[in-house]
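Architecture and fold: a report
Residues per chain, in single letters:
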Amino acid sequence: MVGPASHSHRPLARPTMPARFDPHLVNEPFADPGLYVDLRFERRALLFDLGEISALPPRKLLRISDVFLTHRHMDHFAGFDHLLRFLLGRDKVVRFFGLPGLIDAIDAKLRAYTWNLVAGYDGNLVLQAIELQAENRLAIAEFSGRSGFVRVEAGSRSIEGDLLLDEPGLQVRAITLDHGIPVLGFALQERAHINIWRNRLDGLGLAVGPWLRAFKDAIVCGDPEDTPISVAWSQETGGPGSLPLGQLKREIMRVTAGRKIAYVVDVAFTPANLAKIINLAQGADVLFIEGGFLNADAADAALRRHLTAGQAGTIARRSGVKRLKTLHYSPRYQGRGNALAQEAEAAFRGESTCLEPVAESTRQTQ
Ligand SMILES: [Zn+2]
Ligand SMILES: [Zn+2]
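Each chain carries its own residue numbering, running from 1 in the direction its sequence is written. Following the order in which they are written, the chains are lettered starting with A and the ligands numbered starting with 1. Owing to the predicted nature of the model, reporting of local features is limited to residues with pLDDT of at least 70; listing and counting of side-chain atom pairs is limited to 80 or more, with chain, interface and lining totals taken over all residues. To obtain the side-chain values, all non-hydrogen atoms of the structure were included, while hydrogens and water were left out.

In this structure, D49 takes a positive phi of about 75° despite not being glycine. The secondary structure listing takes helices from DSSP runs of H or I that are at least 4 residues long and strands from runs of E that are at least 2 residues long, numbered from the N terminus. Relative to the helices and strands, D49 resides in the loop between β3 (44–48) and α1 (58–63). Note on classification: 1.4 Å probe, protein chains only; a residue is buried when its accessible area is under 20% of the maximum for its type, exposed when over 50%, partly exposed between these limits. D49 sits in the buried class, given a relative accessible area of 0%. Look at D266: it is not a glycine, yet its phi comes out positive at around 60°.

For the purposes of this section, nonpolar cores are sets of buried Ala, Val, Leu, Ile, Met, Phe, Trp, Tyr and Cys residues that join through side-chain atoms within 4.5 Å. Among the nonpolar cores identified, the biggest contains 32 residues, and F96 and L127 are the most heavily contacted of them. Mapped onto this core, the elements with two or more residues apiece are β3, β4 (64–68), α3 (80–87), β5 (92–98), α4 (102–111), β6 (125–133) and β7 (137–144). With five residues, α4 is the largest single contributor of residues to this core. We call two residues in contact when some of their heavy atoms are within 4.5 Å. In this view, L127 contacts F80, L84, V94, F96, L110, A141, E142, F143 and F149; residues no more than four positions away in its chain are not counted. The next biggest cluster of nonpolar side chains, apart from the first, holds 31 residues, and it includes F269, I277, A301 and A309.

What follows covers the coordination of the zinc ion (ligand 2). Distances define the donors: N, O and S atoms within 2.8 Å of the metal qualify, as do those within 3.2 Å of Na, K or Ca. Water is excluded, so some sites may look unfinished. With distances of 2.1 to 2.4 Å, the protein atoms coordinating the zinc ion (ligand 2) are D75 (OD), H76 (NE2), D266 (OD) and H328 (NE2). Metal sites are grouped by the angles between bound donors: all angles between 85 and 135 degrees with four donors is tetrahedral, opposite donors over 155 degrees apart with the others between 65 and 115 is square planar for four donors and octahedral for six, and any other pattern is irregular. Taken together, the four donor atoms surrounding the zinc ion (ligand 2) define angles of 86 to 155° at the centre, an arrangement classified as irregular. Counting the intervening residues between successive donors of the zinc ion (ligand 2) yields the motif D-H-x189-D-x61-H. Between the zinc ion (ligand 2) and the zinc ion (ligand 1) the interatomic distance comes to 3.6 Å, and D266 is a ligand of both metals. With a gap of 62 residues between them, D266 in the loop between β16 (260–264) and α8 (271–281) and H328 in the loop between β18 (323–327) and α11 (337–348) connect regions that are remote in the sequence. Here D266 and H328 have matching classes, each one buried.

As a further point, take the packing of helix α6 (residues 211–220) against helix α7 (residues 245–252). The description of two helices packed together rests on the angle between their axes and the distance between the axes. To get an axis, fit a line to the C-alpha atoms, keeping to the stretch in contact for a helix; angles then go from 0 to 180 degrees between the N-to-C directions. At a minimum axis distance of 11 Å, the contact between α6 and α7 shows a crossing angle of 105°. One way to sum up the angle between α6 and α7 is to call them roughly perpendicular. Taken together, the residues of α7 that come into contact with α6 (itself represented by W211, L212, F215, A218 and I219) are L245, L248, K249 and I252. In terms of residue class, the contact of α6 with α7 is made up of eight nonpolar, no polar and one charged. Every angle not falling under 35 degrees, over 145, or within 65 to 115 is termed oblique; those three ranges are roughly parallel, roughly antiparallel and roughly perpendicular. For this classification, the nonpolar set comprises Ala, Val, Leu, Ile, Met, Phe, Trp, Tyr, Cys and Pro, the charged set comprises Asp, Glu, Lys and Arg, and every other residue, Gly included, is treated as polar.

Moving on to the sheet that holds β5. Strand order in the open sheet formed by eight strands is β1-β2-β3-β4-β5-β6-β7-β8, and the pairing between neighbours is mixed. The sheet is open, and its two borders are formed by β1 (21–25) and β8 (151–158), each paired with just one other strand. Averaged over all neighbouring strand pairs, the angle between strand axes comes to 20°, with direction disregarded. Where β5 and β6 come together, seven bridges link them in parallel fashion. Bridge pairing in β6 links V94 to L127. What makes two strands pair is DSSP finding at least two bridges between them.

The next subject is the environment of L138. Following the sequence through the fold, L138 ends up in strand β7. Sequence separation between L138 and R157 is 19 residues; the distance between their C-alpha atoms is 5.3 Å. Leave out the neighbours within four places in its chain, and L138 touches I130, E131, L132, G155, S156, R157, I159 and L164.

Take a look at the structure:
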């Protein structure tokens, strides 16, 4: 537990609901982009982009439960075969989230191989392809190893706004951005933790028990402050059978905001993209963002619908993120990665002149 009070206010237990993120880039910044987010307490991991992933050891590949694809340029999708081959014959479900066309793309990848033996494997690998379509609808198809990875349409459902994944412990938001083609940008948000301080409970004479669950539920539900919460005392003659929710909140708990990270790659520096990214990444603990060209080569970056390092830093600053990590460096700067990182960092700290996005009308075309 971090925080100034950690030594004196020992939390009752590690929060059970939210997961703690452990994000790290799959490769060094000149290699294929990809972000691996280990959910330490859930024995699973999320992967953003699926380019070259041979740097991930087997135990990390095994934990992948969900893959989020920004788009299907090869450097973001060519690792599909690597993952498939590794997971084949294991009892596992992996979900793939992406733009329309993903179901066909995965179907085509699977149809490229012969599967006459796969039905006899011990475990059944199931791949779920989930497309984010217009009007916040998800289209879902399933490919099961048991049946030779034959595509089965699994219906569609709507989502709330840009909320691609909504679980008790975390949320993933997705927005569509412009890279000459549509691409997705993602934000992963951990839910807030409710910590109960054991020594404060002891100090009040309250006992640990199931009533704490009901107390937490009342907080999550936003019940009024005067709601009576049934409590348990460590001694028979401890006190009243219930205490007001507001008093308990003040005296025995602390809410820790959940971490937020954002992942944005392969986007043009346009006003529309900027507005959307800044909204998505607002206040994130870490923004992972492409920044693979120097500002001096901004015209080349614009031609390829990519950001420069300086532009990435500007976006990070305007988003009010705490930390910036750039990736997806162009091979032309091999050996000069520091220059890219420094340019981004300088713009992030506001030490360089602010760049303005290129308006749609003046933008170079491919
Ligand atoms: Zn691309
Ligand atoms: Zn790319």
